[in-house]
Amino acid sequence: MKIHLSEIKEEGQDYKFTDQDTWLTQALSSLDESDTELNRLKPPVTTALKARPTAVNLNLCKIDGVVIARGDYGTELSLLCSRCAKLFTYGLKGKVYDLYTRNREFAGEKNGGVTGTAKSIHREEDENSPEITYLNQEWIDLSEVLTEQWVLQIPLQPLCKSDCKGICQNCGSDLNVGRCACAKIQTTNSFSVLKDFKGKRI
Ligand SMILES: [Zn+2]
Ligand SMILES: [Zn+2]
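So, a few notes on the structure that sits alongside this text. (Residues numbered from 1 in each chain as written. Chains lettered and ligands numbered in written order. Predicted model: local features only at pLDDT ≥ 70, side-chain atom pairs only at ≥ 80, totals over all residues. Heavy atoms only, no water.)

1. Some details on the pattern of salt bridges
- For the structure on display, the rule yields three salt bridges.
- Of the charged contacts in the structure, one is a salt bridge between D32 and R52, with a shortest N-O distance of 2.8 Å. Within this pair, whereas D32 is found in the loop between α1 (22–29) and α2 (37–41), its partner R52 is found in the loop between α2 and β3 (55–63), the two being separated by 20 residues in sequence. R52 shares its class with D32; the two are buried.
- A salt bridge links E138 to R102, with the nearest nitrogen and oxygen atoms 2.9 Å apart. Remark: R102 occurs in the loop between β5 (87–101) and α3 (116–121) and E138 occurs in the loop between β6 (132–134) and β7 (139–141); sequence separation between them is 36 residues.
- With relative accessibility at 38%, the residue E138 sits in the partly exposed group. (Salt bridge = Lys/Arg side-chain N within 4 Å of Asp/Glu carboxyl O. Helix = DSSP H or I, 4+ residues; strand = E, 2+ residues; numbered from the N terminus. Buried < 20%, exposed > 50% of the residue type's maximum accessible area, 1.4 Å probe, protein only.)

This is how it looks when you write it as structure tokens:
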């Protein structure tokens, strides 16, 4: 979803998107994880787009050549649990507050910092004000804006639940379902190994 910079006005405009917006569902689907290698290899376009409850609210305005994108989002991703390797639905929620400009100086590319004009734009904000991103083109791509946010929100080691017990390293059983027999066998083995070892040294 590309919005030309000339369409963005100082007074701003609200945009609302849902999973009825194909570009949005496409962007989300590209972040979905899959539990089979076959699906993983398929390009996202050919994979059926997964419907999901999605609400994205954005307001775009432009002040002194700086585009301010603000809003929030709530949606879902399919992620693989880092412990049990099962797919689960991960609730993705957050706020958007990004600044974009075609002006390299504002973007801090020259002196590596936020410059005067840029500062005055968000002087009412706290120190958490975002950096200004330089735009390479005359439009802003909302799917890029959102994907950037989402990627940061995805945990490095997603868990289907905080106390997921994972799978047995030995037999691959899902330990959330029940204990496998390995725990017992392993304990017995390590004890006997220890005994042997001690026996040799003594
Ligand atoms: Zn899990
Ligand atoms: Zn096991």
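2. Quick notes on the coordination of the zinc ion (ligand 2)
- Ligation of the zinc ion (ligand 2) by protein atoms is provided by C168 (SG), C171 (SG), C180 (SG) and C182 (SG), these donors lying 2.3 Å from the ion.
- Around the zinc ion (ligand 2), the four donor atoms sit at angles spanning 104 to 114°, and that spread fits a shape best called tetrahedral.
- Along the chain, the residues donating to the zinc ion (ligand 2) are arranged with the sequence spacing C-x2-C-x8-C-x1-C.
- Looking at C171, the relative accessible area reads 38%, which means it is partly exposed.
- Note on C180: relative accessible area 17%, which makes it buried. (Donors = N, O, S within 2.8 Å, 3.2 Å for Na, K, Ca; no water. Tetrahedral: all angles 85-135°; square planar, octahedral: opposite > 155°, others 65-115°.)

3. What about the coordination of the zinc ion (ligand 1)?
- Looking at the metal site, the zinc ion (ligand 1) is ligated by C81 (SG), C84 (SG), C160 (SG) and C164 (SG), spaced 2.2 to 2.3 Å from it.
- Spacing between the donor residues of the zinc ion (ligand 1) along the chain follows C-x2-C-x75-C-x3-C. Of this pair, C81 sits in the loop between β4 (66–80) and β5 while C164 sits in the loop between α4 (142–153) and α5 (182–201); the two residues are 83 residues apart in sequence, bridging distant segments of the chain. With respect to class, C81 is no different from C164; both count as buried.

4. Observations concerning the environment of D14
- Looking at the element boundaries, D14 is found in strand β2 (residues 13–18).
- You can call D14 exposed: its relative accessible area is 60%.
- When the C-alpha atoms of D14 and C61 are compared, they prove to be 9.0 Å apart, with 47 residues separating the residues in sequence.
- With sequence-adjacent residues up to four places away left out, D14 is seen in contact with L58 and N59.
- In terms of polar contacts, D14 uses its side chain to reach the side chain of N59, at 2.7 Å. (Contact = heavy atoms within 4.5 Å. Polar contact = N/O pair within 3.5 Å; in protein donor to acceptor, adjacent residues only side chain to side chain.)

5. Examining the packing of aromatic side chains
- In total, this model carries three aromatic pairs according to the counting rule given.
- Each ring, one from F17 and one from W23, has its centre 4.9 Å from the other, and the planes form 85°; the classification is edge-to-face. With respect to class, F17 is no different from W23; both count as buried.
- Among the aromatic residues, those joined into a ring-pair cluster are Y15, F17 and W23.
- Lying over the aromatic face of Y97, R70 brings its terminal NZ or CZ to 4.2 Å of the ring centre. (Phe/Tyr/Trp six-rings, centres within 6.5 Å; stacked < 30°, edge-to-face > 60°. Lys NZ or Arg CZ within 6 Å of the ring centre and 35° of its normal.)

Geometric values such as these leave the question of function open.
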